[in-house]
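# A look at the structure
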Amino acid sequence: MDPQGGHYLNRAAVLSGVGAARMCQLLLGCTTMALVAHSAGFSATYGTYCMFVWCFCFAVTLVVFTLDVTRLHGCMPISWDNFTVAFSMLATLMYVTASIVYPVYFLRSECPSEGCEVRNYRIAVTVCSSVCCFAYGAEVFITRAKPGHVVGYMATVSGLLKVVQAFIACIIFGALANDSEYNRHIPTQYCVVVYSLCFAVTVVVVALTVSGRTSSLRFPFDRFVVIYTFLAMLLYLSAAVVWPVFSFDKKYGTPGRPKDCLRGKCPWDSKLVIAVFTCANLVLYFTDLVYSQRIRFVSHSAA
């Protein structure tokens, strides 16, 4: 027993909705890795990415669950609530991509050369990974900001959107690295600068929030975030116009997909992925800005 008469172990970390979600995450994550290691298998860059997602999320979830049960998270120099909700949002996104990528590259209707048993294992991997998406999503839903409750910034819509924005930027970087031919034109190089700058600042915002250092800054952090979000929206708006023009206009690029493009190694495909996710991030930054302004207006009125 501690001096306040409480328990050393945090029973709420197991008996609460968040605890149940984390136990499901651990169970499904462990099952997924076991199935892949036993017979489903993986290969190439895409398979390695999926295996990394499952191992990384399982390891961090195990650490989070252990620290929460033992109450040792109080010894860590971070904002625990901000960290856990940010990680659960990130894990949800990572699991969604892995649950899409794995069946696309490893699952076929016909039996592979290794036999039908391997196909069945891969189906089981896909199912477990997909269900685990909902387990992480459930934790985000439970811990999100609710009216009348004081929560950390990362639990708000704006904070969660910051994680999504950074994740989508990572997808854009992956497409850029996959022979996107962005070096051919200066305007497309400008787009790369936009993606890199916005990603870096977003990561810094998340890192400062998770570390709990925002109150020690010499400027109003909330105002900085709103101004940055507005500038990022303008930068992404310019990239959403420039990138498609210099990638798909017949004067600078190729309007249609070339017939000789190989699947997974086609510059046109990479350019399309970048264009789509650039527009997606533009929408997210705009939504983030609108929500941030709404929160500021409510706070100002209450004052």
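Residues numbered from 1 in each chain as written. Predicted model: local features only at pLDDT ≥ 70, side-chain atom pairs only at ≥ 80, totals over all residues. Heavy atoms only, no water.

Checked against the element boundaries, S88 lands in helix 4 (residues 80-106). Residue S88 is classed as buried on the basis of its relative accessible area of 0%. Among residues more than four places away in sequence, those in contact with S88 are Y136, E139 and V140. (Helix = DSSP H or I, 4+ residues; strand = E, 2+ residues; numbered from the N terminus. Buried < 20%, exposed > 50% of the residue type's maximum accessible area, 1.4 Å probe, protein only. Contact = heavy atoms within 4.5 Å.)

A separate point is unusual backbone geometry. The backbone of R71 sits at a positive phi, close to 65°, despite the residue not being glycine. Topologically, R71 is positioned in the loop between helix 3 (44-70) and helix 4.

Here we take up the environment of S180. For S180, the location among the structural elements is in the loop between helix 6 (157-177) and helix 7 (186-211). Judged by relative accessible area, which is 1%, S180 ranks as buried. Once residues lying within four places of it in the same chain are set aside, the contact partners of S180 are A175, S270, K271 and I274.

Another point: the nonpolar core. Grouped together as the largest cluster of nonpolar side chains are 71 residues, with contacts concentrated most on W54, Y95, Y195 and Y236. Within the residue set of this core, elements represented by two or more residues are helix 2 (17-40), helix 3, helix 4, helix 5 (116-143), helix 6, helix 7, helix 8 (221-248) and helix 9 (267-302). Looking at which element gives the most residues to this core, the answer is helix 4, with 13 residues. Each of domain 1 (1-147) and domain 2 (156-255 + 262-302) gives at least three residues to this core. Contact partners of Y195, with chain neighbours within four places excluded, come to I172, F173, L176, Y236, A239, W243, I274 and T278. (Core = buried A, V, L, I, M, F, W, Y, C linked by side-chain atoms within 4.5 Å. Domains from an automatic or database assignment.)

Attention shifts here to the pattern of salt bridges. Following the criterion strictly, the structure yields three salt bridges and no others. Of the charged contacts in the structure, one is a salt bridge between R22 and D68, with a shortest N-O distance of 2.8 Å. Separated by 46 residues along the polypeptide, R22 in helix 2 and D68 in helix 3 bring together distant segments of the chain. With relative accessibility at 4%, the residue R22 sits in the buried group. Where R22 meets E139, a salt bridge forms, and the shortest distance between an N and an O atom there is 3.1 Å. (Salt bridge = Lys/Arg side-chain N within 4 Å of Asp/Glu carboxyl O.)

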